[in-house]
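If you want the building blocks of each chain, they are given just below.
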Amino acid sequence: MGFGTLTFLGIIVVLVVWVIAIYNKLVTLKNRYVNAFSQIEVQLKRRYDLIPNLIETAKGYLAHERGTLEAVIAARNQAVAGLSAAAKDPGDARTMAQLGSAEGVLGNALGRLNVVMEAYPDLKANQNMMQLSEELTSTENRVSFARQSYNDQVTEYNTYKQTFPPVLLAAPFGHGPNASLLEFEDHAAIQEAPKVKF
Amino acid sequence: MDFFAAQDRARRKTWQLVVLFAIAVIGLILATNLLVAIVVAFSTTAGVAGGVGQTVHDQSAETWWFITFAVLVCIAGASLYKYFALRSGGRAVVEMLGGRQIDPGTQVLAERRLLNVVEEMAIASGIRVPAVYRIDESGINAFAAGFGTDDAVVCVTSATLEYLNREELQGVIGHEFSHLLNGDSRLNLRLIALLNGILFIGIVGRLLLRGGANSGGRRDSNAMPLIVLGVGLLVIGYAGTFCGNLIKAAVSRQREFLADAASVQFTRNPGGIANALKKIGGSASGSHLSNTRANEASHMFFGQAVTLFMNSLMATHPPLPVRIRAIEPRWDGKFIAGAPVADTEDLPPGVAGFARPSSSATHDAVVDAVGNPTAASLTHAQATIAGLPPRCVDASHDAWSARALLYTLLLPDDRASRAVLTDVLEPQVVAHLPEIERVIGTLDDMQRLTLVSMSVPALMTMSRPQYDRFVADVVALIRADRRIDLFEWVMHRLLLKSLKSHFEGPTSIATRVQHRNLDALRDQVAQTLSAIARAGSNDVQTQLRAFAAGVAAIELDLQFVADDDPNFTRLNDALRELRALHPLAKPRLIKGCAACALTDGPTSSVRALLIGIAATLDCPLPPDLAL
């Protein structure tokens, strides 16, 4: 039993501990961003549930604006599909991009509806409508907060993956591709989504 | 059960643990040395001729030291690694087992029911509401982990959610809370780290074996000893596992009975926990976990998580029938075959009238109540939550609006400083302040503190940058009027202490016992009692009377401090020292504080202060008896 064997043993010990540590950290960070995505999911679902009610209320006043209403419904359904695809594998580049663009389209459609509504003071004064718009705005804010949290976690995961020792091990451990941020296309339109006065 | 004695016992158990660990380490060193001698004997012809005994005898002292050193480095390295990995507290264990935090605002009925149960129990026992995690497993099991109540998390399996009804959940969660309150969970975390060191040798053995087997094809003359060494280390590793399991069993088993008993006391419903145990017995997967890493944490769970060879000797938990009989002596021996619980809305339990804190509480009752919630505390907590405006409760369950809620609680009353402050906050949050303000205006201090506690799990879902921003905003709001008022101080204590534990690692980990009794800390005690007396009244005579009552209860010669402490700096300094008191010296201090607070019928701000002080001293106070 010489120095050689002992050194060998020592190196193995250090390496094993190190590799385990990297593996665990990768798993932890991935879990965190997946968790963060489920927060977005909750808020987006709430938002998608509100929209049919909004349309139902608006219908009576906007008989001549069928096209706008249908566009909102179509965009909403598209976004629902995008969300359920994205929820299956959060961080996947393709589904994230899909959800992002579906959200962008929905935001635009809602923005147009908002513009149309300006011409109907009765509708704007409708108690139910006011409440719905308010809830929609508040969900909007929640979504953006949850999205920020998710993007922060994804960035932390990606950064860790790209630093030196983990970069060698990430792919063999099944952490190959970077997780994808969730960006909503056309932010401006979303900011314009139903404005509510307090 | 006495909270302080339990804390003390958990501390002394730590020593017992260290001794057992040391014995295991010495055993492992001897075994490894012997093994190396055998390997040498087989690898040299001289050794084979002279026999193993001869080689052992011939082995030089240098080699002995060498091997001993190597084994120690191995064990220490692995233990330290785990120790550091677990430094982030309860969260680290859950994440190790792949747990996911349940969304605090969840609308899934089974999850909502669980969160409500946990919320009620946390409020009842005076700790902040812990984050709740789930792991997908088919066995019915649960655990609580954390160094203290600040970094505590609760985790249940998906089967638990599916098969246990509200009462049974209460039983299980009550059991877990008892572990948290008694300092068991802190001991459990240390145990994981120590055991990792012992188990590690086995892992190295497995690796060597694999390496040796791979090079075996070349008929390398060096491969043979490597394989023998690998097998040997593996055997030693198993011996290590064996020792480890014995240690776990020794430390863990008795406590399970205590936790079961505490759960019954807490819920006043032996049926709840007994039926939960019977359902474990009646379910095909029992309380078994399939996650291979569950072994490391098996001593933390509600039920036996891993079945072992020689189970009766090494089981971390007493057998189910024994546990059930301890709760229900007349049990007929029949388990309950599990059927999923119907998805019914979790209605708040029927609360007859609004429970008011018992006004007859004495300071002795307060001391007894620390960390020792009763069924009355639970009813009181349920009533408190039921009395909160539903919109506020919903707001506290969502990270975004929970911030708005807490900002609202901290905003000063005068318009000028409000305007300045709202400029600092994010505009979207500001837009929501008036709405929350409308509902919140009528709440008393205790209700506000309840909301603060309920907001914590939602705030834990923030990312680190969001947390940094939040803390900066809260501190700005507290400092805004250049004066910290009492409620702000308590809120800072309750909220930031636990969020800090979550995001920056537990604070309780560094607390060591530095003072065995109160005699050396007269000044600090005087500061604390004076702060309570001053909070109670503006009249000096009344303050002096309250102070004198505290002094009489604490039996120390103390000097009243009359001058104001506008930023609570003196109180903070005093509490930092007092926190490091030996657990058995704390009841006297709490008694003094309670006596001081109870003179002249405590106002709500005095109660809040008492709760804040108790929380800082790591003595959770059930709100019903606090006052």
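Residues numbered from 1 in each chain as written. Chains lettered and ligands numbered in written order. Predicted model: local features only at pLDDT ≥ 70, side-chain atom pairs only at ≥ 80, totals over all residues. Heavy atoms only, no water.

## Details of the pattern of salt bridges
Residues and elements named next belong to chain B.
Okay, so step 1: For the structure shown, the criterion picks out 23 salt bridges over all chains.
Okay, so step 2: Of the charged contacts in the structure, one is a salt bridge between Asp 573 and Arg 576, with a shortest N-O distance of 3.4 Å. Taken together, the residues Asp 573 and Arg 576, both in helix 24 (residues 569-579) and three residues apart, mark about one turn of the helix.
Okay, so step 3: Accessibility expressed as a relative area gives 42% for Asp 573, which makes it partly exposed.
Okay, so step 4: Of the charged contacts, one joins Asp 618 and Arg 579 as a salt bridge, the two residues approaching to 3.0 Å between their closest N and O atoms. Pair noted here: Asp 618 is in the segment after helix 26 (604-616) and Arg 579 is in helix 24, with a separation of 39 residues, a long-range link.
Okay, so step 5: The network of salt bridges with shared partners includes Asp 150, Lys 497, Arg 579 and Asp 618. (Salt bridge = Lys/Arg side-chain N within 4 Å of Asp/Glu carboxyl O. Helix = DSSP H or I, 4+ residues; strand = E, 2+ residues; numbered from the N terminus. Buried < 20%, exposed > 50% of the residue type's maximum accessible area, 1.4 Å probe, protein only.)

## A word on the pairing of strand 3 (residues 142-145) of chain B
Across a regular strand the side chains alternate sides, sitting on one face of the sheet and then on the other.
Residue and element names in this part refer to chain B.
Okay, so step 1: Where burial is concerned, the two faces of strand 3 agree: the one with Ala 142 and Ala 144 and the one with Phe 143 and Ala 145 are both buried.
Okay, so step 2: Where strand 3 and strand 4 (residues 153-157) come together, four bridges link them in antiparallel fashion. Pairing of Ala 142 across the sheet is with Val 156, part of strand 4. (Pairing = 2+ DSSP bridges.)

## Describing the packing of aromatic side chains
Okay, so step 1: Throughout the structure, instances matching the rule amount to 11 aromatic pairs over all chains.
Okay, so step 2: Ring geometry for Trp 331 of chain B against Phe 335 of chain B: centres 5.5 Å apart, planes inclined by 50°, an arrangement best described as tilted.
Okay, so step 3: One aromatic cluster in this structure is built from Tyr 33, Phe 37, Tyr 150 and Tyr 157 of chain A.
Okay, so step 4: Between the NZ or CZ atom of Lys 25 of chain A and the centre of the ring of Tyr 160 of chain A, over which it lies, the distance is 5.3 Å. (Phe/Tyr/Trp six-rings, centres within 6.5 Å; stacked < 30°, edge-to-face > 60°. Lys NZ or Arg CZ within 6 Å of the ring centre and 35° of its normal.)

## Observations concerning unusual backbone geometry
Okay, so step 1: Positive phi, close to 55°, is recorded for Glu 555 of chain B, a residue that is not glycine.
Okay, so step 2: Within the fold, Glu 555 of chain B resides in the loop between helix 23 (540-554) and helix 24.

## Quick word on the sheet that holds strand 3 of chain B
All names here are of chain B.
Okay, so step 1: The sheet built from four strands is open, its strands ordered 1-2-4-3 with mixed pairing. Edge positions in the sheet fall to strand 1 (100-101) and strand 3, since each has one partner strand and no second.
Okay, so step 2: Docked against the sheet, helix 7 (residues 166-181) engages strand 3 and strand 4, running at close to 25° with respect to strand 3. (Contact = heavy atoms within 4.5 Å. Axes fitted to C-alpha atoms, helices over the stretch in contact; angles between N-to-C directions.)

## Here we look at the packing of helix 19 (residues 445-459) of chain B against helix 21 (residues 486-504) of chain B
Residues and elements named next belong to chain B.
Okay, so step 1: Two elements in contact, helix 19 and helix 21, have axes whose closest approach is 10 Å; the angle formed by their N-to-C orientations is 15°. Taken together, the axes of helix 19 and helix 21 are roughly parallel relative to one another. As for the relative orientation of helix 19 and helix 21, their crossing is right-handed in sense. Judged by residue contacts, Asp 445, Arg 448, Leu 449, Val 452, Val 456 and Leu 459 of helix 19 engage Phe 487, Val 490, Met 491, Leu 494, Leu 495, Ser 498, Leu 499 and Phe 503 from helix 21. (Parallel < 35°, antiparallel > 145°, perpendicular 65-115°, else oblique. Left-handed = near helix turned anticlockwise from the far one by under 90°.)

## Quick notes on the interface of chain B and chain A
Okay, so step 1: Taken together, the contacts link 33 residues of chain B with 31 residues of chain A.
Okay, so step 2: Taken together, the two surfaces of chain B and chain A that pack against each other cover about 3300 Å², and 63% of this comes from carbon and sulfur.
Okay, so step 3: Among the residues of chain B in contact with chain A, Phe 66, Tyr 81 and Gln 466 of chain B are the three that bury the most area, contributing 18% of the side total.
Okay, so step 4: Linking chain B with chain A are nine residue pairs in polar contact (both at pLDDT 80 or more), by the criterion used here.
Okay, so step 5: Sorting the residues of the side of chain B that touches chain A by element identifies helix 3 (61-85), helix 4 (90-96), strand 1, helix 8 (184-215), helix 16 (399-410), helix 18 (427-440) and helix 20 (464-479) of chain B as the ones contributing at least two each. (Buried area = accessible area lost by both parts, 1.4 Å probe. Polar contact = N/O pair within 3.5 Å; in protein donor to acceptor, adjacent residues only side chain to side chain.)

## Looking at the packing of helix 5 (residues 127-162) of chain A against helix 16 of chain B
Okay, so step 1: Relative to each other, helix 5 of chain A and helix 16 of chain B sit at 105°, their axes nearing to 8 Å. By the angle between their directions, the pair helix 5 of chain A and helix 16 of chain B is classed as roughly perpendicular. Judged by residue contacts, Asn 141, Arg 142 and Phe 145 of chain A of helix 5 of chain A engage Ala 399, Trp 400, Ser 401 and Arg 403 of chain B from helix 16 of chain B.
Okay, so step 2: Among the residues forming the contact of helix 5 of chain A with helix 16 of chain B, the class breakdown is three nonpolar, two polar and two charged. (Nonpolar A, V, L, I, M, F, W, Y, C, P; charged D, E, K, R; others polar.)

## Brief notes about the side chain of Ser 158 of chain B
Okay, so step 1: Relative to the assigned elements, Ser 158 of chain B resides in helix 6 (residues 158-163).
Okay, so step 2: Among all residues touching Ser 158 of chain B, those that are not within four sequence positions of it are Arg 134, Ile 135, Asp 136 and Glu 137 of chain B.

## Observations regarding helix 26 of chain B
All names here are of chain B.
Okay, so step 1: Between its first and last C-alpha, helix 26 extends 18 Å over 13 residues, near the 18 Å set by a 1.5 Å rise per residue.
Okay, so step 2: Buried residues dominate helix 26, accounting for 11 of its 13 residues.
Okay, so step 3: All buried positions along helix 26 are accounted for by Val 606, Arg 607, Ala 608, Leu 609, Leu 610, Ile 611, Gly 612, Ile 613, Ala 614, Ala 615 and Thr 616.
Okay, so step 4: Following helix 26 by one or two positions, Asp 618 has its phi on the positive side, about 60°. (Expected span 1.5 Å × (residues − 1).)

## Digging into helix 7 of chain B
Residue and element names in this part refer to chain B.
Okay, so step 1: Here helix 7 is 16 residues long and its end C-alpha atoms lie 22 Å apart, about the 22 Å a rise of 1.5 Å per residue gives.
Okay, so step 2: Here helix 7 lies mainly inside the structure; 15 of its 16 residues are buried.
Okay, so step 3: N-cap assignment for helix 7: the residue whose side-chain oxygen lies 3.1 Å from the backbone N of Glu 167 is Asn 165.
Okay, so step 4: One or two residues past the end of helix 7 sits Gly 183, with phi positive at roughly 80°.

## Remarks on the domain arrangement of chain B
All names here are of chain B.
Okay, so step 1: Segmentation of chain B into domains returns domain 1 (3-89 + 188-252), domain 2 (91-187 + 255-327), domain 3 (389-504) and domain 4 (519-616).
Okay, so step 2: With five residues of domain 1 at the interface, the matching set in domain 4 holds six residues.
Okay, so step 3: The three residues of domain 1 that bury the most area against domain 4 are Phe 4, Asp 8 and Arg 11, which together make up 90% of that side's buried surface.
Okay, so step 4: Linking domain 1 to domain 4 there are zero salt bridges.
Okay, so step 5: Across the contact surface, domain 1 and domain 4 share one residue pair in polar contact (both at pLDDT 80 or more).
Okay, so step 6: In terms of residue class, the side of domain 1 that touches domain 4 is built from two nonpolar, one polar and two charged. (Domains from an automatic or database assignment.)

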